[in-house]
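An overview of the molecular structure
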Amino acid sequence: MSNQGKYVLEPQIGHLLRRAHQRASAIFKANFAAHDLTPTQFASLVKIADQGEVSQNLLGRLTAMDPATVKGVIGRLHGRKLLARKLDTDDRRRTLWRLTAAGRKLLSKAITAGLTTSDQTLAPLNAKERKTLQKLLSRLT
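If you're wondering where the values come from, they're calculated on a predicted model, not measured in any experiment. (Residues numbered from 1 in each chain as written. Predicted model: local features only at pLDDT ≥ 70, side-chain atom pairs only at ≥ 80, totals over all residues. Heavy atoms only, no water.)

With respect to the nonpolar core
Where a protein is soluble and globular, its nonpolar side chains tend to be buried together. F32, L37, F42, L45, L77 and L83 are the most contacted members of the largest nonpolar core, which has 21 residues in total. Those elements that provide at least two residues to this core are α1 (13-32), α2 (39-51), α4 (67-79), β3 (95-99) and α5 (101-121). Excluding its chain neighbours within four sequence positions, the residues that come into contact with L83 are L45, I48, I74, L77, H78, W97, R98, L99 and T100. (Core = buried A, V, L, I, M, F, W, Y, C linked by side-chain atoms within 4.5 Å. Buried < 20%, exposed > 50% of the residue type's maximum accessible area, 1.4 Å probe, protein only. Helix = DSSP H or I, 4+ residues; strand = E, 2+ residues; numbered from the N terminus. Contact = heavy atoms within 4.5 Å.)

This is the structure we're talking about:
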């Protein structure tokens, strides 16, 4: 049975977003190979730097990661000595995470790779198109 004319894959938003994500992921991987960071690890370092100290729960919300994912990301970054932890003085059940000196050093180098990744990902678009795409994607998230 033919589906011809009823559904064409190529213009579908899910297909286009998946292809754009594949492209962005390949660019990220190439630019971050020297830093040995995944996109979620990089996002976590950026948000922890922004906040100064952050709970695991808040970090998950800030980076759009589920609890299991953020726990794994924090564990790997802590294992690499990029993060340090301390108990929250207001709530002793909660752990706060901050960047170590090694974490700050790596992040300062990785920021350049992040900016390059964004620029290369958006390279086919002119400045106006870039702003429009970012605005529209922000409305979808």
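Let's pick the thread back up.
Examining the side chain of H35
Counting through the fold element by element, H35 comes out in the loop between α1 and α2. The class for H35 is buried, based on a relative accessible area of 14%. Not counting the four nearest positions on each side in its chain, H35 is found in contact with R80, L106, K109, A110 and A113.

Considering the sheet that holds strand β2 (residues 83-87)
Taken in spatial order, the 3 strands of this open sheet run β1-β3-β2, and their pairing is antiparallel. Each edge of the open sheet carries a strand with a single partner, namely β1 (54-55) and β2. Here 2 bridges tie β1 to β3, and the two strands are oriented antiparallel to one another. Counted as the bridge partner of V54 is W97 from β3. Against the sheet, α2 engages β1, β2 and β3, with an angle of about 100° to β3. (Pairing = 2+ DSSP bridges. Axes fitted to C-alpha atoms, helices over the stretch in contact; angles between N-to-C directions.)

Just geometry here; none of it tells us what the structure is for.
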